[in-house]
Amino acid sequence: QQQVKQSPQSLIVQKGGISIINCAYENTAFDYFPWYQQFPGKGPALLIAIRPDVSEKKEGRFTISFNKSAKQFSLHIMDSQPGDSATYFCAAPRSGNTGKLIFGQGTTLQVKP
Amino acid sequence: DVKVTQSSRYLVKRTGEKVFLECVQDMDHENMFWYRQDPGLGLRLIYFSYDVKMKEKGDIPEGYSVSREKKERFSLILESASTNQTSMYLCASSLLGARTEAFFGQGTRLTVV
């Protein structure tokens, strides 16, 4: 119940296209779903996060869609750019109020010019 | 600019050596974490600390130990390095709480030969 399953493992998109990364979870007690972005040679950094009381959150070209009944959430990158090429991780909070996260397996996105 | 700093970007150690990975944060965060990053496996939690001298095992603590003598510093120790500990190691810190942002260091690429 503490797992977060992320897909696909890798993704290649043409410049201007839409990149979609999916995550599924089992624990219905999860109440916070962040996405982290990691560029080569850098540590991950928070990109965008959503709480399950809303179905969608948008920040610029990045949108999280949340489907509570299906226990899934997705990251959509509109008008994908080569500078978006990175590894993306979804996450959810572990039990307790500590700040520990459980991460998905990661998706390596390559946006071709 | 907030920072989590890891002492080394790259390390090469021999099998059986005792290895120290150091991490310092300047944000006065209560939480500090050590993760291991391997392709296809995401970020796996090795150890977590929510206060000085306090530590909790994560998902893969075997072969590792940690030390937190000061709030800003969290050390990961490989008691006797083995080749299967070759990996990217990431340190992170965050405020105490369920939905707080984690700030990551740049990572240490450890190779055990």
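These remarks concern the structure in this document. Since the model is a prediction, treat every value here as computed from it, not as a measurement. (Residues numbered from 1 in each chain as written. Chains lettered and ligands numbered in written order. Predicted model: local features only at pLDDT ≥ 70, side-chain atom pairs only at ≥ 80, totals over all residues. Heavy atoms only, no water.)

Describing the sheet that holds strand β7 (residues 64-70) of chain B
Sheet strands pair via backbone hydrogen bonds, and the direction of the pair is either parallel or antiparallel.
Residue and element names in this part refer to chain B.
Right, so step 1: Spatially, β1-β3-β8-β7 is the arrangement adopted by the 4 strands of the open sheet, whose pairing is antiparallel. Because the sheet does not close on itself, it has two edges, and the strands there are β1 (4-6) and β7. On average, each strand axis in the sheet is inclined to that of its neighbour by 20°, with strand direction left out of account.
Right, so step 2: Pairing analysis gives 6 bridges linking strand β3 (residues 19-25) to strand β8 (residues 73-78), with the strands arranged antiparallel. Bridging across to β8, leucine 21 finds its partner in leucine 76. (Pairing = 2+ DSSP bridges. Helix = DSSP H or I, 4+ residues; strand = E, 2+ residues; numbered from the N terminus. Axes fitted to C-alpha atoms, helices over the stretch in contact; angles between N-to-C directions.)

Quick word on a nonpolar patch on the surface
Right, so step 1: A cluster of nonpolar side chains, Ile18(A), Ile20(A) and Met78(A), forms an exposed patch at the surface whose accessible area comes to about 240 Å².
Right, so step 2: Take Ile18(A): it is sitting in the loop between β2 (10-14) and β3 (19-25). (Patch = residues over 30% accessible without salt bridge, like charges linked within 9 Å, V, L, I, M, F, W, Y side chains within 5 Å. Areas by Shrake-Rupley, 256 points an atom, 1.4 Å probe, with all protein chains shown as cover. Salt bridge = Lys/Arg side-chain N within 4 Å of Asp/Glu carboxyl O.)

Observations regarding the pattern of salt bridges
Pairing between side chains of opposite charge can happen when the charged atoms of each approach one another.
Residue and element names in this part refer to chain B.
Right, so step 1: Inspection of the entire model under this criterion finds 10 salt bridges over all chains.
Right, so step 2: Lysine 71 is paired through a salt bridge with aspartate 28; the nearest N and O atoms lie 3.0 Å apart. Taken as a pair, lysine 71 in the loop between β7 and β8 and aspartate 28 in the loop between β3 and β4 (31-38) lie far apart in primary sequence, 43 residues in all.
Right, so step 3: Taken together, the salt bridges that share partners define one network made up of Arg36, Asp38 and Arg44.

With respect to the environment of Met78(A)
Residues and elements named next belong to chain A.
Right, so step 1: Within the secondary structure layout, methionine 78 lies in the loop between β8 (72-77) and β9 (86-93).
Right, so step 2: Judged by relative accessible area, which is 34%, methionine 78 ranks as partly exposed.
Right, so step 3: Expressed as a C-alpha distance, the spacing of methionine 78 and aspartate 31, which sit 47 residues apart in the sequence, is 25 Å.
Right, so step 4: Apart from the residues lying within four places of it in its own chain, the contact partners of methionine 78 are Gly17, Ile18 and Arg61. (Buried < 20%, exposed > 50% of the residue type's maximum accessible area, 1.4 Å probe, protein only. Contact = heavy atoms within 4.5 Å.)

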